[in-house]
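Here is what each chain is made of, one letter per residue.
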Amino acid sequence: MYMDFNLNLSQEQKLIMTQQMQLSIKLLQMSTYDLREYIEKEFLENPVLEAQYEILEEYKKDKDRLDYKELIKYLESDNYGSQSYGEYDENKISPFTFLSSTKSLIEYLHEQILELPIDNYIKSICDYIIESLNNKGYLDISLEELSKEMSCSMKILEKAIIIIHNLEPAGIGARDLKECLILQLIRKGEQHSKACEIVNNYLDELANNKYNIIAKKLKISIKEAQKYGDLIKSLEPKPSRGFYTGEDVKFIIPDAEVRKIDGEFFIIMNDNVLPRLSINNVYKDLLEHERDKNAVNYIKDKMGKAVFLIKSINQRKTTLYKVLEKIVEKQKEYFSKGEKYLIPMTLKEIADELQIHESTVSRAIREKFILTTFGTIKIKKLFTIGLQSNNFYNTEADISVNRIKNEIENLISEENKSKPMSDQFICDLLNDKGINISRRTVAKYREELGIKSSSKRKRF
């Protein structure tokens, strides 16, 4: 018998600490409200964890300026955060009891991946991508970024994306609306029909029911064009609909406050709406004196999870603080004077300065709010693209879209209602002010503001 004892080297791909990476991402992009619920769930399931709830005296005195008065009122009650092992008191019912327990899209997708006959490495990549989906169910992070984050090849990523695209609901993991609709048409066996061509090239015409133009372009009858249009309009533009995504937050809890003191801005993290987590000393002692191996392994497992949860929450806070610090540094005029002074700022710009991935910034600000002198605002709204200014005297390199919209709104509010300004006229006025903008862009921003065209604004 011949026995081969040769030493063979083989290359194996592994994604290390996949579950912990997924948890870190999950916690980073959670709203404070969702994080509270998650911590509450972990506290009930992990006996090693201790949770102590506090509320700042400052918020007790001035609760009206926050959007979560009822939540604070409940958190201040004596019975919250404590476990009662005595007689059940039916009069003390948590308001969280009345929140609907809806199905989580992320959990549903993970369950499907778990059942697929694919190797564990690809499963890990798929799970990571699932955690990166936005509230609509779209993947708004580029494959290049994901490739860098996971240190895996584009080929592997593309394979994983195909797997995601074949999950339920149809359209999940699409990069944009067009791909979302195309994926659904493929499921319906319409990949070679005119419907795909309409999605790819004539969505604007479809939105405005311009079937005559579509019919002419595709050399089909208007009736056929409408038939394809009806099919496309029956598709779901938001694959996450019907699932819990964290979007339906019942309370808005600011993660931080931006406050100006003696001419200097300070970021005050709103730590006290989250419980202070620690490790129960009883289990630390048990770990040292317990002889039962199963008990020791159980405590070690629970303690490891508790420690990682605490570290991840602290990392979430640190990341958010650093992002906010850069935002405040760039937007001092905005925080001092208001929305008109918001300058263009992108996720990439902040990411580059902090030397982190753009996707990390995106996750850090997702569903997060800050308290300012102007009220509670969504951090994401501070990120705007800009248009170049051709005004020599303008000290800013470009002008934020918000400011341009304000200019358009102001011009229209002051116009002669019997002779309303056309989009081209508004465009010319803005150009004269040094704002480099086209008529088409003016029309787009006007529509986004919910302002009708000049012909519909005319009053006799």
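Quantities reported herein were computed from a predicted structural model and do not represent experimental measurements.

A. Examining the confidence of the model for the chain more closely. Residues at a pLDDT of 70 or more form 79% of the chain, whose mean pLDDT is 78. Ranking the elements of the chain by mean pLDDT puts helix α4 (residues 69-75) last with 36 and helix α9 (residues 177-187) first with 93. Confidence drops under pLDDT 50 across residues 1-5; counting only partners more than four residues distant or on other chains, this segment forms zero contacts. Within the model, pLDDT remains below 50 along residues 390-397, and this stretch shows 13 contacts once partners closer than five positions in the same chain are excluded.

B. Representation of empty space enclosed by the protein in the model. Inspection of the entire model under this criterion finds one cavity of 30 Å³ or more. Reported here for the largest cavity is a volume of approximately 40 Å³. Ranked by residues supplied to the lining of the largest cavity, first place goes to strand β2 (residues 256-261) with three residues. For the lining of the largest cavity, the per-class residue count stands at four nonpolar, two polar and two charged.

C. Local environment of the sheet that holds strand β6 (residues 375-378). Taken in spatial order, the four strands of this open sheet run β3-β2-β5-β6, and their pairing is mixed. Lying at the two open borders of the sheet, with one neighbouring strand each, are β3 (264-269) and β6. Strand-to-strand twist in this sheet, taken as the mean axis angle between neighbours without regard to direction, amounts to 30°. Pairing of β2 with β3 involves six bridges; the strand directions are antiparallel. The residue of β3 that forms the bridge with K260 is F265. Of the strands in this sheet, β2, β3 and β5 (369-372) touch helix α15 (residues 293-330), which is tilted by about 160° from β3.

D. Quick peek at the nonpolar core. Ranked by size, the top nonpolar core spans 26 residues in total, and within it I125, I129, L146, L157 and I164 carry the most contacts. At the level of secondary structure, the elements contributing two or more residues to this core comprise α5 (105-115), α6 (120-131), α7 (143-150) and α8 (154-165). With seven residues, the single largest contributor to this core is α6. In contact with L157, other than residues within four places in its own chain, are I125, I129, L143, L146, S147, M150 and C152. Counting residues in hydrophobic clusters, the runner-up holds 25 residues, among them L28, A256, M269 and I365.

E. Fine view of the pairing of strand β4 (residues 276-279). Side chains L277 and I279 of β4 all project onto a buried face; the interleaved residues R276 and S278 project onto a face where none is buried. Across four bridges, the pairing between strand β1 (residues 49-52) and β4 is antiparallel. In the sheet register, A51 faces β4, and the bridge partner there is L277.

F. Spatial organisation of the pairing of β6. For β5 and β6, the ladder comprises four bridges, and the chain directions are antiparallel. Within β6, the residue paired with L371 across the bridge is T376.

The rules behind each value
Residues numbered from 1 in each chain as written. Predicted model: local features only at pLDDT ≥ 70, side-chain atom pairs only at ≥ 80, totals over all residues. Heavy atoms only, no water. pLDDT = per-residue confidence, 0-100. Helix = DSSP H or I, 4+ residues; strand = E, 2+ residues; numbered from the N terminus. Contact = heavy atoms within 4.5 Å. 1 Å grid on protein atoms, 1.4 Å probe; cavity = no way out; pocket = protein on both sides within 12 Å on 5 of 7 lines; lining within 4 Å. Points joined across faces, edges and corners; volume = space filled by probe spheres on them. Nonpolar A, V, L, I, M, F, W, Y, C, P; charged D, E, K, R; others polar. Pairing = 2+ DSSP bridges. Axes fitted to C-alpha atoms, helices over the stretch in contact; angles between N-to-C directions. Core = buried A, V, L, I, M, F, W, Y, C linked by side-chain atoms within 4.5 Å. Buried < 20%, exposed > 50% of the residue type's maximum accessible area, 1.4 Å probe, protein only.

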